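Remarks on the overall topology
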Amino acid sequence: MQEPIIKVRDIAWIRLRSPDLEVAEKFLTDFGLQRSERTHETLYMRGTDIDRHIHITELGSPKVLSIAFHADSEADLRRLAERASGASDLESLNQPGGGKRVRLREHNGFEVEVVHGVADAAPLPVERFRYNTGPSRERFADLARVSTAPSHVKRIAHVVISTPEVKPTVAWIQRHLGFVTSDDVHDEDDKSEILASFNRADRGADFVDHHVMMVGRNARTGLNHVSFEVQDIDDLWSGHEYLLQADYRHCWGIGRHTLGSQIFDYWFDPWGRMHEHWTDSDLLNNEHSYSLVPRSQGLRSQWGPQAPQEFRDAASTWL
Ligand SMILES: [Fe+2]
């Protein structure tokens, strides 16, 4: 395998386009994000962690515009601009928080932004739920009461790309973004047919989420889903009840994945783009040994419902 040009630190944001920012903000607020800034043309939403925005919506016909990743340095952006074929020049980001970016086209033609120097924001206060489970006793003379309310999204966590061409797409993200494969899933009868590839950021000995980008085989190319971490399982369930009552379209959940092990819940936004809530991911570092597992093991829920066809088919328009 070729050496990566750079190794990105983490995912930064998703950039979508929607025809009504009011409707977009209502859904995203009900989903558990909070408004960071809104102009006539653009809506910036954040979580409770320090990122100024993790979800950007531009006004216009529905489309997935790009996904952004944080680089370690401006020198890394320059390396990409020089070495990646089709890369833009180094550009200033004309949006809140500033920063610099380089734009790339990945294997399927989707736009990837690699950014650096975006100013952080102060984290938002959030009340931590205390659990008396297992050996833990942390709630005393304090009654557990969970209201039905939007979840409190912490941060953006990963994206899943649908494509007929899994292997070249994975080769591209490894070469340009420095991802490493945590686990692959193969067709039940043919080990050489990769159906899904789970890739994480390479931070050496530091632990990171099991995957920051998954590439899944699909007849169509597009965004399968974008994923956000919430506070804990009660926060996830209360958000689930809230979104159900508000009549949004549910896709899949609540369950626990096998690869990555997150407790998950998937919802469609008003334009059919799938947004995931999760909590409790596996964390891996460079000691992890890769595994190749059959579909019947890798893509099963450990508990909860199995994936509906609608989830497997999802590929929101990108081009
Ligand atoms: Fe996911």
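This text goes with the structure placed above it.
The text that follows walks through the structure, step by step, so that each part is easy to find. None of these values were measured; they are calculated from a predicted model. (Residues numbered from 1 in each chain as written. Predicted model: local features only at pLDDT ≥ 70, side-chain atom pairs only at ≥ 80, totals over all residues. Heavy atoms only, no water.)

If a probe as big as a water molecule is rolled over the atoms, it shows which places are left empty. When its volume is computed, the largest pocket comes out at roughly 660 Å³. Counting only elements with at least two residues in the lining of the largest pocket, the list comes to β9 (153–163), β11 (190–200), β13 (213–217), β14 (222–230), β15 (250–257), α5 (295–298) and α6 (309–313). Here the residues of the lining of the largest pocket are counted per class, giving 13 nonpolar, 14 polar and six charged. Considered as a void within the structure, the second largest pocket measures approximately 430 Å³ in volume. If you trace the second largest pocket, you find 20 residues lining it, with Glu-127, Arg-128, Phe-129, Arg-145 and Val-146 closest to the centre. When its residues are assigned to classes, the lining of the second largest pocket shows seven nonpolar, four polar and nine charged. (1 Å grid on protein atoms, 1.4 Å probe; cavity = no way out; pocket = protein on both sides within 12 Å on 5 of 7 lines; lining within 4 Å. Points joined across faces, edges and corners; volume = space filled by probe spheres on them. Helix = DSSP H or I, 4+ residues; strand = E, 2+ residues; numbered from the N terminus. Nonpolar A, V, L, I, M, F, W, Y, C, P; charged D, E, K, R; others polar.)

Think of it this way: four donors in a tetrahedron around the metal ideally sit 109.5 degrees apart, and six in an octahedron ideally sit 90 or 180 degrees apart. For the iron ion, every protein donor is listed as His-158 (NE2), His-225 (NE2) and Glu-276 (OE), and the spread of their distances is 2.1 to 2.2 Å. As a motif over one chain, the donors of the iron ion read H-x66-H-x50-E. Of the two residues, His-225 is situated in strand β14 and Glu-276 in strand β17 (residues 274–279); the sequence distance between them amounts to 51 residues. Residue His-225 is classed as buried on the basis of its relative accessible area, which comes to 2%. (Donors = N, O, S within 2.8 Å, 3.2 Å for Na, K, Ca; no water. Buried < 20%, exposed > 50% of the residue type's maximum accessible area, 1.4 Å probe, protein only.)

This part takes up the sheet that holds β9. Think of a sheet as strands paired side by side through backbone hydrogen bonds, with each pair either parallel or antiparallel. Spatially, β19-β10-β11-β13-β9-β14-β17-β16-β15-β20 is the arrangement adopted by the 10 strands of the open sheet, whose pairing is mixed. Two strands in the sheet have a free side with no partner beyond their single neighbour: β19 (291–294) and β20 (301–303). Neighbour to neighbour, the strand axes of the sheet diverge by 30 degrees on average, direction disregarded. Across the sheet, helix α1 (residues 21–31) is in contact with β9, β14, β16 (263–268) and β17; its angle to β17 comes to roughly 20 degrees. Against the sheet, helix α4 (residues 233–245) touches β14, β15, β16 and β17, its axis set at about 25 degrees to β16. (Pairing = 2+ DSSP bridges. Axes fitted to C-alpha atoms, helices over the stretch in contact; angles between N-to-C directions. Contact = heavy atoms within 4.5 Å.)

Among the nonpolar cores identified, the biggest contains 52 residues, and Ile-14, Phe-69, Val-114, Leu-177 and Phe-228 are the most heavily contacted of them. Ranked by size, the runner-up nonpolar core spans nine residues in total, among them Trp-252, Phe-264, Tyr-266 and Met-274. (Core = buried A, V, L, I, M, F, W, Y, C linked by side-chain atoms within 4.5 Å.)

According to the stated counting rule, one finds 23 salt bridges in the structure shown. With a closest N to O distance of 2.1 Å, Glu-193 and Arg-217 form a salt bridge. Here Glu-193, found in strand β11, pairs with Arg-217, found in strand β13; they are 24 residues apart in sequence, far enough to count as distant. With a relative accessible area of 30%, Glu-193 lands in the partly exposed category. Of the charged contacts, one joins Arg-256 and Asp-280 as a salt bridge, the two residues approaching to 2.9 Å between their closest N and O atoms. Within this pair, whereas Arg-256 is found in strand β15, its partner Asp-280 is found in the loop between β17 and β18 (283–284), the two being separated by 24 residues in sequence. Under the relative-accessibility criterion, Asp-280 is labelled partly exposed at 41%. Via salt bridges that share partners, Arg-15, Glu-58, Glu-91, Arg-101, Arg-103, Arg-105, Glu-111 and Glu-113 belong to a single interconnected network. (Salt bridge = Lys/Arg side-chain N within 4 Å of Asp/Glu carboxyl O.)

For the bond from Gly-253 to Ile-254, the omega torsion is 0 degrees, close enough to zero to count as cis. You can see Ile-254 is positioned in strand β15. For Asp-247, which is not glycine, the phi torsion reads 70 degrees and is therefore positive. With respect to the helices, strands and loops of the structure, Asp-247 is situated in the loop between α4 and β15. Of note in this structure, Ser-261 is not a glycine but carries a positive phi near 65 degrees. Along the chain, Ser-261 falls in the loop between β15 and β16.

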